[in-house]
Amino acid sequence: MLTHPGTPRVFYDHLHSHLHGAITTLVRVRKEAGVHCRSSVVIRKADQQAYAAVVEGTSRAVAVRIGHGGWGPGDGWTQAWHGDKCQVWTKPARA
């Protein structure tokens, strides 16, 4: 939810748990990228193995993959975060 358009909510219990590091990193990625409620989303993969999408923020693009399926955004992307069966990348937005 933190990588996609909308107004995400973070539960207090989640923020003060083992998820704290992941949540704070993903909130930072969202803010730095300029992802907002009207950001565009292009779904690159959606099957039983993985979900992958690219979201255009105002200053950076964010790519996310959830699941086992092999998908990567390609050249020019920098890994911003990774966890169990999940990975997030960023790169400068298109001019």
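Scroll up to find the structure.
Trainee: When you look at the overall build of the chain in this model, what are you seeing that I'm missing?
Mentor: When helices and strands are tallied, the chain shows 2 helices and 5 strands. Seen in sequence order, the chain has helices and strands lined up from the N terminus as α-α-β-β-β-β-β. Taking 12 Å as the expected radius of gyration for a compact globule of 95 residues, we find that the chain reaches 13 Å, a close match to that expectation. Overall size of the chain, expressed as C-alpha extent along the three principal axes, is 35 × 30 × 20 Å. For the chain, contacts bridging at least 24 residues in sequence account for 44% of all contacts bridging at least 6. Split by element, the accessible area of the chain, about 6,200 Å² in all, is 53% carbon and sulfur.

Trainee: What's the story with the side chain of Gln-87 in this structure? I'm lost.
Mentor: Positionally, Gln-87 belongs in strand 5 (residues 86-92). Judged by its relative accessible area of 15%, Gln-87 is buried. A polar contact is formed between the side chain of Gln-87 and the side chain of Arg-65, at a distance of 2.9 Å. Side chain to side chain, Gln-87 and Gln-79 meet in a polar contact 2.4 Å long.

Trainee: Help me understand the sheet that holds strand 3 (residues 60-67) in this model?
Mentor: Either a parallel or an antiparallel arrangement is found when strands of a sheet pair, and the pairing is made through backbone hydrogen bonds. An order of 1-2-3-5-4 is seen for the 5 strands of this open sheet, with the pairing classed as antiparallel. Each edge of the open sheet is held by one strand with a lone partner, namely strand 1 (40-46) and strand 4 (78-83). The sheet shows a mean angle of 15 degrees between the axes of neighbouring strands, direction not considered. Sitting on the sheet, helix 2 (residues 20-33) touches strand 3, strand 4 and strand 5, and the angle it makes with strand 4 is about 150 degrees.

Trainee: Honestly, the nonpolar core in this entry has me stumped. Any pointers?
Mentor: Nonpolar side chains in soluble globular proteins tend to be buried together. Counting 14 residues, the largest nonpolar core has Leu-26, Val-35, Val-62, Val-64, Trp-81 and Val-88 as the members making the most contacts within it. In contact with Trp-81, not counting residues within four places along its chain, are Ala-22, Thr-25, Leu-26, Cys-86, Gln-87 and Val-88.

Trainee: I keep staring at the packing of aromatic side chains and nothing clicks. Help me out?
Mentor: The relative placement of two aromatic rings is captured by the distance of their centres and the angle of their planes. Taken as a whole and assessed by the stated rule, the structure comprises 1 aromatic pair. The interplanar angle of 75 degrees and the centroid separation of 5.8 Å between the aromatic rings of Trp-71 and Trp-89 together place this pair among those described as edge-to-face. Remark: Trp-89 occurs in strand 5 and Trp-71 occurs in the loop between strand 3 and strand 4; sequence separation between them is 18 residues.

Conventions and cut-offs
Residues numbered from 1 in each chain as written. Predicted model: local features only at pLDDT ≥ 70, side-chain atom pairs only at ≥ 80, totals over all residues. Heavy atoms only, no water. Helix = DSSP H or I, 4+ residues; strand = E, 2+ residues; numbered from the N terminus. Rg over C-alpha atoms; globule rule 2.2 N^0.38 Å. Contact = heavy atoms within 4.5 Å. Areas by Shrake-Rupley, 256 points an atom, 1.4 Å probe, with all protein chains shown as cover. Buried < 20%, exposed > 50% of the residue type's maximum accessible area, 1.4 Å probe, protein only. Polar contact = N/O pair within 3.5 Å; in protein donor to acceptor, adjacent residues only side chain to side chain. Pairing = 2+ DSSP bridges. Axes fitted to C-alpha atoms, helices over the stretch in contact; angles between N-to-C directions. Core = buried A, V, L, I, M, F, W, Y, C linked by side-chain atoms within 4.5 Å. Phe/Tyr/Trp six-rings, centres within 6.5 Å; stacked < 30°, edge-to-face > 60°.

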